[in-house]
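Survey of secondary and tertiary structure
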Amino acid sequence: MTTNADTAASAATPAPADGKAPRRRAPAGAAVLREDVTEAIRAAVFDELAAVGYARMSIEGIARRAGVGKTAVYRRWRSKRHLVLDLVSAIAVQGLPAPDTGSLEGDLRLLYEVTSRALRHPVAGQIIPDLQAEAARNPEIADALQKALREGQQGVASGIVAAATARGEVRAGADLDLALDLMSGPLYWRAVVVRGPKLPKPYLATLARTTAAALRAL
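The shown structure was predicted, so the numbers you read here are calculated from the model rather than taken from an experiment.

When you go through the chain residue by residue, the secondary structure sums to nine helices and zero strands. Taken across its 218 residues, the chain has 33% of its residues classed as buried. Expressed as a percentage of contacts within the chain between residues at least 6 apart in sequence, the contacts between residues at least 24 apart total 67%. Here the chain has roughly 12800 Å² of accessible surface; of this, 56% comes from carbon and sulfur atoms.

Moving on to a nonpolar patch on the surface. Judged by side-chain polarity, Trp189, Val193 and Val194 come together as a nonpolar surface patch covering roughly 300 Å² of accessible area. Locating tryptophan 189 in the fold gives a position in helix α8 (residues 176–194).

Moving on, we get to the pattern of salt bridges. This model, assessed by the stated rule, comprises 11 salt bridges. Ionic pairing is found between glutamate 60 and lysine 70, a salt bridge with its closest N-O pair at 3.6 Å. Taken as a pair, glutamate 60 in helix α2 (residues 59–66) and lysine 70 in helix α3 (residues 70–74) lie far apart in primary sequence, 10 residues in all. Two residues, arginine 109 and glutamate 113, come together in a salt bridge whose shortest N-O distance is 3.0 Å. One end of the pair, arginine 109, and the other, glutamate 113, are both in helix α5 (residues 104–119), four residues apart, so they sit about a helical turn from each other. Put simply, Asp107, Arg167, Glu169 and Arg216 are held in one network by salt bridges that share partners.

A few words now on the packing of helix α1 (residues 35–56) against α2. At their nearest, the axes of α1 and α2 sit 8 Å apart, and the two run at 120° to each other. Taken as axis vectors, α1 and α2 run oblique relative to one another. Between α1 and α2 lies a crossing of right-handed hand. Where α1 abuts α2, its residues Ala40, Ile41, Ala44, Val45, Asp47, Glu48 and Ala51 lie against Gly61, Ile62, Arg65 and Ala66.

Take the packing of α5 against α8 next. As a packed pair, α5 and α8 sit with axes 11 Å apart at the nearest point and diverge in direction by 30°. Classed by the angle they form, the pair α5 and α8 counts as roughly parallel. As for how α5 packs across α8, the hand of that crossing is right-handed. When α5 is examined against α8, the residues Leu108, Leu111, Tyr112, Thr115, Ser116 and Leu119 are found in contact with a partner set consisting of Leu182, Met183, Leu187, Tyr188, Ala191 and Val192. For the contact of α5 with α8, the per-class residue count stands at 10 nonpolar, two polar and no charged.

The rules behind each value
Residues numbered from 1 in each chain as written. Predicted model: local features only at pLDDT ≥ 70, side-chain atom pairs only at ≥ 80, totals over all residues. Heavy atoms only, no water. Helix = DSSP H or I, 4+ residues; strand = E, 2+ residues; numbered from the N terminus. Buried < 20%, exposed > 50% of the residue type's maximum accessible area, 1.4 Å probe, protein only. Contact = heavy atoms within 4.5 Å. Areas by Shrake-Rupley, 256 points an atom, 1.4 Å probe, with all protein chains shown as cover. Patch = residues over 30% accessible without salt bridge, like charges linked within 9 Å, V, L, I, M, F, W, Y side chains within 5 Å. Salt bridge = Lys/Arg side-chain N within 4 Å of Asp/Glu carboxyl O. Axes fitted to C-alpha atoms, helices over the stretch in contact; angles between N-to-C directions. Parallel < 35°, antiparallel > 145°, perpendicular 65-115°, else oblique. Left-handed = near helix turned anticlockwise from the far one by under 90°. Nonpolar A, V, L, I, M, F, W, Y, C, P; charged D, E, K, R; others polar.

What follows is the structure, encoded as structure tokens:
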């Protein structure tokens, strides 16, 4: 019988030419977890979080949505808490693409366009507030969520400020923490906290122009 972590897989040993009984081959080592199954589970977690929230989310529901057995999930993560911590932390590692338009205002405008689409996605709109509520009760999730939301933006923000400084648009030695607050705060407040109607068409351009002026004043 063949075995693998997700699918059966082992090589059969051909019978030797001399007719003697074949020697049993030693195990080849640990089974390899299929990446397509892992990705299906990750996608199912986001959908399940959006649909039922962290408190009601279960390994059974994730497995059902991913089209796999529960054992496929448990081979990768010990619990739903570890699974969510892993995925939220991965968001911080991936980060956002660094804009390079040649001007501070242009970089900010592109950053806001990308971030706005991400924050206003129906899945993100459900997951982020739910995880924030859970973070108030779970320090581990609080730390992971802070890392994802802050560090994911911090790398991009520091890159934008560094480029603007090199062009002479922002003074050298500007406060990077304050710059990050200025760059990320207003859009996050509007899209995630207030969660008002769709942003007016000129809003992002105006926000980019205003934020650029604030950064020049640092």
